[in-house]
Amino acid sequence: MAGDPDLQVVADPGALAAAGAEHVVRACRTAVAGRGEFAIALSGGDTPKPLYERLGEEPFRSRVPWDKVRVFWGDERGVPPTDPRSNFRMAEETLLRRVPVRPERVHRMPAERADLDEAADEYADVLRVHVPAGAGGWPRLDLVLLGLGEDAHVASLFPGAPVLREARRTVVAYYVPAQGMNRMTLTAPVLSRAGEVLFLVSGASKAEALWRVLEGPRRPDVVPAQLIRPVGGGRVLWLADAASTSRLSRRAAARSEEGAG
Ligand code: 6PG
């Protein structure tokens, strides 16, 4: 990947959660100081769960001006919000029900809708109304949290999917055969234009994917996470635990914090 990635290596999942929570708090306070609001897109999957739990407890909880926070999702599964697979339900259980963010500022992705294209367009409208436009008129989220799939997918941008080449729409929904379900996702141009993107990578099972993204050949059609590169003055930070960085040829000269924050 061109240039040295902004990679911070921490000891283990617990340290990842603490460092990630600290990063969210700082990004939030910077955005609120700058524009009076903080628009964050949450990731689904398992990796962010400990981070969300930490964020909902002290010392992080009281450092966040929750009344200024607006919550979005990077992607969602095509299931009802009550389904155990729902990214909304996961965030609700680990974070949202534990903090005073106002319900009208929580924007769930309606990926369960039968009229998928219309639902995706409606979510694009929600972004347009509630997120300020940045470079090229794209919505500029303050912070996007992303995980990394073992196949190097990011959000619901899966290898070989036509959505990887989407250059106009901000939100797309489509059937993902490998997942056996519909998915709704922010597109790469939106994700790349965030003020900050924070990738969260944990575990030995992600070591190969992380190597492919950061040190393998540039093949974004089969390594979708390579599509996410800073645009419009943004920043992409990789926060990874030691187990997931075991394949990298060089460890970042980063602090190996033991559970920061
Ligand atoms: C989802 C996520 C997805 C996830 C990766 C990693 O809806 O599942 O948005 O992109 O981040 O699949 O998932 P884990 O964190 O569970 O390994």
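Residues numbered from 1 in each chain as written. Predicted model: local features only at pLDDT ≥ 70, side-chain atom pairs only at ≥ 80, totals over all residues. Heavy atoms only, no water.

Details of the sheet that holds strand β9 (residues 235-241)
Link 1 in the chain: With parallel pairing, the six strands of this open sheet are ordered in space as β1-β9-β8-β5-β2-β3. With partners counted over all chains shown, the strands left at the sheet margins are β1 (6-10) and β3 (69-73), one partner each. The sheet shows a mean angle of 20° between the axes of neighbouring strands, direction not considered.
Link 2 in the chain: Pairing of strand β2 (residues 38-42) with β3 involves five bridges; the strand directions are parallel. Paired with A41 across the two strands is F72, which belongs to β3. (Pairing = 2+ DSSP bridges. Helix = DSSP H or I, 4+ residues; strand = E, 2+ residues; numbered from the N terminus. Axes fitted to C-alpha atoms, helices over the stretch in contact; angles between N-to-C directions.)

Section: the sheet that holds strand β7 (residues 181-186)
Link 1 in the chain: Ordered by their spatial adjacency, three strands build an open sheet running β4-β7-β6, and the pairing between neighbours is antiparallel. The open sheet has two edge strands, β4 (75-77) and β6 (171-176), and neither has a second partner. Adjacent strand axes in the sheet meet at a mean angle of 20° when their direction is disregarded.
Link 2 in the chain: Of the strands in this sheet, β6 and β7 touch helix α4 (residues 116-130), which is tilted by about 150° from β6. (Contact = heavy atoms within 4.5 Å.)

Considerations on the site of the ligand
Link 1 in the chain: Neighbouring residues of the ligand: 15 residues in total, closest T47, D75, R77, A155 and K206.
Link 2 in the chain: A distance of 2.6 Å separates an oxygen atom of the ligand from a polar side-chain atom of T47.
Link 3 in the chain: Side-chain polar atom of N87 to an oxygen atom of the ligand: 2.9 Å apart, as the coordinates give it.
Link 4 in the chain: Bound to the protein, the ligand loses 87% of the 410 Å² it would expose on its own.
Link 5 in the chain: Considering only residue class, the shell around the ligand consists of two nonpolar, eight polar and five charged. (Near = heavy atom within 4 Å. Polar contact = N/O pair within 3.5 Å; in protein donor to acceptor, adjacent residues only side chain to side chain. Areas by Shrake-Rupley, 256 points an atom, 1.4 Å probe, with all protein chains shown as cover. Nonpolar A, V, L, I, M, F, W, Y, C, P; charged D, E, K, R; others polar.)

What to know about the environment of P110
Link 1 in the chain: Mapped onto the fold, P110 is located in the loop between α3 (87-94) and α4.
Link 2 in the chain: Exposure remark for P110: the relative accessible area of 14% places this residue in the buried category.
Link 3 in the chain: Distance from P110 to A173, taken between C-alpha atoms, is 10.0 Å for residues 63 residues apart in sequence.
Link 4 in the chain: Beyond its immediate chain neighbours, meaning those up to four positions away, P110 contacts A119, Y123 and M184. (Buried < 20%, exposed > 50% of the residue type's maximum accessible area, 1.4 Å probe, protein only.)

Here we look at the confidence of the model for the chain
Detailed reading of the predicted coordinates is not advisable wherever pLDDT is low.
Link 1 in the chain: On average, residues of the chain score 94 in pLDDT, and 94% of them are at 70 or above.
Link 2 in the chain: Across residues 253-261 the pLDDT falls below 50, and counting only partners more than four positions away or on other chains, this stretch makes 22 contacts in the model. (pLDDT = per-residue confidence, 0-100.)

Digging into the nonpolar core
Here is a general trend for soluble globular proteins: nonpolar side chains tend to be buried in one another's company.
Link 1 in the chain: Residues F38, W73, L141, M184, L186 and W238 are the most contacted members of the largest nonpolar core, which totals 89 residues.
Link 2 in the chain: Among the elements that take part in this core, helix α1 (residues 13-35) stands out by supplying 10 residues, more than any other.
Link 3 in the chain: Ignoring any residue separated from it by four or fewer positions in sequence, one finds W238 in contact with P5, D6, L7, Q8, L148, F199, V201, L210, V213, L214 and A225. (Core = buried A, V, L, I, M, F, W, Y, C linked by side-chain atoms within 4.5 Å.)

With respect to the pattern of salt bridges
Link 1 in the chain: Per the counting criterion, the structure on display carries 23 salt bridges.
Link 2 in the chain: Note that E196 and R235 form a salt bridge whose closest N and O atoms lie 3.0 Å from each other. Of this pair, E196 sits in strand β8 (residues 196-201) while R235 sits in strand β9, placing them 39 residues apart in sequence.
Link 3 in the chain: What makes E196 buried here is its relative accessible area of 18%.
Link 4 in the chain: What you see here is one network of salt bridges that share partners, running through D6, E196 and R235. (Salt bridge = Lys/Arg side-chain N within 4 Å of Asp/Glu carboxyl O.)

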